[in-house]
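Chain by chain, the residues:
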There are 2 protein chains.
Amino acid sequence: MLLAGTVVADHRTVIEDGAVVVEGDAIAAVGDGATLRDRYPDHERREFGIVAPGTVGAHVHSVQSLGRGIADDAALLDWLNDHVLPMEAGLGADGMRLAAELGYLECIESGVTTVVDHLSVHHADEALAAAVESGIRARAGKVLMDTNAPDGLRQDTEHALAESEVLIWRYHGAGGGRIRYAVTPRFAVTCTEECLRGCRDLADEYDGVRIHTHASENTDEVAVVEERTGARNVEFLHEVGLTGEDVILAHCVHTDEREREIIAETGTHVTHCPSSNMKLASGVAPVEDYLDRGVNVALGNDGAPCNNTLDPFTELKQASLLAKVDAGDPTAVDAPTAFRMTTRNGARAAGFERVGALREGWKADVIGVGTDATRATPLHDPIGHLVFSAHGDDVTFTMVDGEVLYDEARGGHRTLDAGSIRRRAREFDVPGVEA
Amino acid sequence: MLLAGTVVADHRTVIEDGAVVVEGDAIAAVGDGATLRDRYPDHERREFGIVAPGTVGAHVHSVQSLGRGIADDAALLDWLNDHVLPMEAGLGADGMRLAAELGYLECIESGVTTVVDHLSVHHADEALAAAVESGIRARAGKVLMDTNAPDGLRQDTEHALAESEVLIWRYHGAGGGRIRYAVTPRFAVTCTEECLRGCRDLADEYDGVRIHTHASENTDEVAVVEERTGARNVEFLHEVGLTGEDVILAHCVHTDEREREIIAETGTHVTHCPSSNMKLASGVAPVEDYLDRGVNVALGNDGAPCNNTLDPFTELKQASLLAKVDAGDPTAVDAPTAFRMTTRNGARAAGFERVGALREGWKADVIGVGTDATRATPLHDPIGHLVFSAHGDDVTFTMVDGEVLYDEARGGHRTLDAGSIRRRAREFDVPGVEA
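Conventions used here
- Residues numbered from 1 in each chain as written.
- Chains lettered and ligands numbered in written order.
- Predicted model: local features only at pLDDT ≥ 70, side-chain atom pairs only at ≥ 80, totals over all residues.
- Helix = DSSP H or I, 4+ residues; strand = E, 2+ residues; numbered from the N terminus.
- Rg over C-alpha atoms; globule rule 2.2 N^0.38 Å.
- Buried ≥ 20, exposed ≤ 12 C-beta atoms within 10 Å, placed from the backbone.
- Least-squares fit on C-alpha atoms with pLDDT ≥ 70 in both.
- Contact = placed C-beta atoms within 7 Å.
- Pairing = 2+ DSSP bridges.
- Nonpolar A, V, L, I, M, F, W, Y, C, P; charged D, E, K, R; others polar.
- Domains from an automatic or database assignment.
- Core = buried A, V, L, I, M, F, W, Y, C linked by C-beta atoms within 7 Å.

**Q** So what exactly am I meant to see when it comes to the overall build of chain A here?
**A** When helices and strands are tallied, chain A shows 16 helices and 17 strands. Against the globule reference of 22 Å for 435 residues, chain A gives a C-alpha radius of gyration of 21 Å, in line with a compact fold. Overall, the C-alpha framework of chain A stretches about 65 × 45 × 45 Å when taken along its three principal axes. With 435 residues in all, chain A has 65% of them scored as buried.

Right, here's the structure in full:
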């Protein structure tokens, strides 16, 4: 297949009238459109406004998708205890499957080709199966909570770790290698030290398994951990083994100098979730400081109850705008920086090689973006457009590993039954929502 | 016409399975859908996910629309002096007309039915004519700058005021009353005291003419005015007559206690432009404080060079999210508050009566919003959905004064030639952009 258009190959490489040639699961060539049409005359040709790497949602909760909008404007503890946790506890296997399908549906049609997905305590296998079915690239794992968690979500430490291991056996490397496992303790507050150390040991046992958790999202969480352990949250996570190049920490809003040093020195990945941090009033993560220290910072949408959408373009724009107003500097987190965060940095955090840019020999994770809209007119700078103007509805074509998952001009979704998923989601009786 | 769907009549009134009946330029009835279908059996019927009041862009620069994305990530002075002002100075009559058409096109298709539009020094008549042609409701006016402005944009005081008066004669009340004039000094920095006082006198001479200006958007501006006048910016504007119930001040980010008192006591309207304030790193306007004081706060998108889109839904969401993270309170500027800001408050600021809500006898400024998207699924709360999830592309139907301006299912735009405008905008050689 030959995908033609303005090719945004990565955050600093734009090829006007370019093309990307896909053969099998990989990119065979990237370059001038006319040249590549000559060289590959028999490849099926498609035209888009912009051809770009698929984006990476480096911290999402697909299984919260049925909770879209269930707790808007709620105070944080009400949000968690009265809505989100009851929903997660109350969703049976069918609900968890449907929620994950809905999440992947939205990801795929809005240009997310890879997710780092924080599932739930129960029925994570349903979400993992949905990920395989959808064709999305996913680093995902079941949640562990063995303390300070409500009934129905709290598990024995050993039980939680054993279930995780079973899921590693079944899903790590599934979907032709598109699925990789992340051991996923929810956060230090709801996990014993034994559990956290067990997560590290489990991840170390299996090649390529990573660890994904929330860290220092809000001040209450930081205070609870400090009270319990005597250490700052990231220091504590470091002590128990939850830092390193195989660890993805979501949020990292409230960190001190020593914690930032730890994150940088250990090569720990940070996922910035600006809309979620704004909506839950968590604070502003020190993104520029992390980047200056060489930390790999990715972007994530978090879940539907705290962001309402998995559209990656909302976070692209928000990452730049929030950094600018916070720093009082309109040059902060410029468009190329934000774009790199949601592509290459995301792929590094997720732990997939040759993903996150359009380069010869790399994985064919590619999106086509329409630029006919009034809001795309005129279009002076393609990367600026993707960051500040575009949104998920502009994505008309999504390919992962060379497989077309979504093609708006030719029937839409190829792997998921969009109509059925949306209809069932509308009819679903979501736990945690007052009638 | 009978417009059926979930009717969001105003920020606190939702009618499931409702309908809005339009007769002539007004709303004849709002209520239960089945009842109204029985009562008005012969009215043409249309179905939407949500039927809502049109939104009000209470501070826009339609004539900057050709400058979309020309100065992303630029420092403020470069942004203004190297890009925006050269563009405004360089646009001839054709360019100004095209820019305004492009702006109104985007407004109409994304659900804006009323604008408060800050035009430019020259060729404002082209933009006003475009507003009439488009059918949008507009409070608009030519810009006055008689000092500290670059050649090509600086005018003699008398000349600037005289041109304004001619435009009042020609356009105030035009378009069947949809167009009303605002005397529009750019801001205190580029206007002499004589000019500002002249603006007040001119507005007072004509019934229903308002004043629209920028105020206290950034700290440099505030410092310049204080240096020159010895007074804080809003105090100075108050002294020269630029406060009151007929005055719309855009931004008001940097105000002190006394200035806020003046704004509240005089009934001056404030337009909050959150995305613009973030992108230009201007700061965070004290919206909740203004609202607590009883100030009428509306929402605006500002111009394409500092926001990249006139989509009102971006500002709805941003107004809520920015207030929450700034206050550290997830209940700040909740969805109903944001929705009221962009509807009723906007209409009050713009100075149009019986506009901004769906009520019997009020003007038929109505939008239809699709709710089929994955991102709208499930949809627990219609107002929360409009604020946190929806965007301009979901708008499929836009009516002003009972006239259909846009109907996606039946050919799209009715008043503007969308294809021609977009094509010409893409081809236009925009001044201030390096080749």
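**Q** Please clarify how the relation of the copies chain B and chain A should be interpreted in this entry.
**A** The operation linking the two copies of the chain is a rotation about an axis combined with a translation along the axis. Mapping chain B onto chain A is achieved by rotating through 180 degrees and translating by 0.0 Å along the same axis, at an RMSD of 0.0 Å. A rotation of that kind, with that shift, is consistent with a two-fold axis. Considering only C-alpha atoms, the residue of chain B closest to the rotation axis is aspartate 393 of chain B, which sits at 3.9 Å. Mapped onto chain A, 100% of the interface residues of chain B are again interface residues, and the two copies thus contact each other with one and the same surface.

**Q** Looking at this model, I keep getting lost on the sheet that holds strand S4 (residues 45-53) of chain A. Mind explaining?
**A** Pairing between the strands of a sheet comes from backbone hydrogen bonds, and it takes one of two forms, parallel or antiparallel. Residue and element names in this part refer to chain A. What the eight strands build is an open sheet, ordered S3-S2-S1-S4-S14-S15-S16-S17; its pairing is mixed. Two strands lie at the open edges of the sheet, namely strand S3 (26-32) and strand S17 (412-413), each paired on one side alone. The sheet contact formed by strand S1 (residues 2-10) and S4 spans five bridges and is parallel. Across the sheet, residue valine 7 finds its bridge partner in S4, namely valine 51.

**Q** Honestly, the interface of chain B and chain A in this entry has me stumped. Any pointers?
**A** Quite often, the size of an interface is put as the accessible area lost when its parts meet. Of the residues lining the interface, 54 residues belong to chain B; the matching set on chain A comes to 55 residues. Mapped onto the side of chain B that touches chain A, the elements with two or more residues apiece are helix H3 (93-109), helix H10 (274-279), helix H13 (312-327), helix H15 (382-388) and helix H16 (418-427) of chain B. With five residues, H13 of chain B is the largest single contributor of residues to the side of chain B that touches chain A. Residues that form the side of chain B that touches chain A fall into these classes: 24 nonpolar, 15 polar and 15 charged.

**Q** Mind showing me how you'd approach the domain arrangement of chain A here?
**A** Residues and elements named next belong to chain A. Domain boundaries assigned for chain A yield domain 1 (2-54 + 356-416) and domain 2 (55-350). Taken together, the contacts link 27 residues of domain 1 with 35 residues of domain 2. The dominant element in the side of domain 1 that touches domain 2, judged by the number of residues it contributes, is helix H15 (residues 382-388), at five residues.

**Q** When you look at the environment of valine 333 of chain B in this model, what are you seeing that I'm missing?
**A** All names here are of chain B. Within the element layout of this structure, valine 333 appears in the loop between H13 and helix H14 (335-350). Separated by 59 residues in sequence, valine 333 and glycine 392 have C-alpha atoms that sit 21 Å apart. Setting aside residues up to four positions removed in sequence, valine 333 forms contacts with Val287, Glu288, Ala319, Ser320, Ala323, Lys324 and Ala338.

**Q** Quick question: what am I supposed to make of the sheet that holds strand S2 (residues 13-23) of chain B here?
**A** Residue and element names in this part refer to chain B. The sheet built from eight strands is open, its strands ordered S3-S2-S1-S4-S14-S15-S16-S17 with mixed pairing. Strands with a single pairing partner mark the edges of an open sheet, and in this sheet they are strand S3 (26-32) and strand S17 (412-413). In this structure, strand S4 (residues 45-53) lies alongside strand S14 (residues 366-369), joined through four bridges in antiparallel fashion. Residue pairing in the sheet places isoleucine 50 in a bridge with valine 369 of S14.

**Q** What should I look at first to understand the nonpolar core in this one?
**A** Generally speaking, nonpolar side chains in soluble globular proteins are found buried as a group. Counting residues in each nonpolar core, the largest one holds 282 residues, and the members touching the most others are Val20, Ala127 and Ala131 of chain A together with Val20, Ala127 and Ala131 of chain B. If we skip the residues at most four places from it in the chain, valine 20 of chain A touches Leu3, Val7, Ile27, Val30, Val51, Leu358 and Val366 of chain A.

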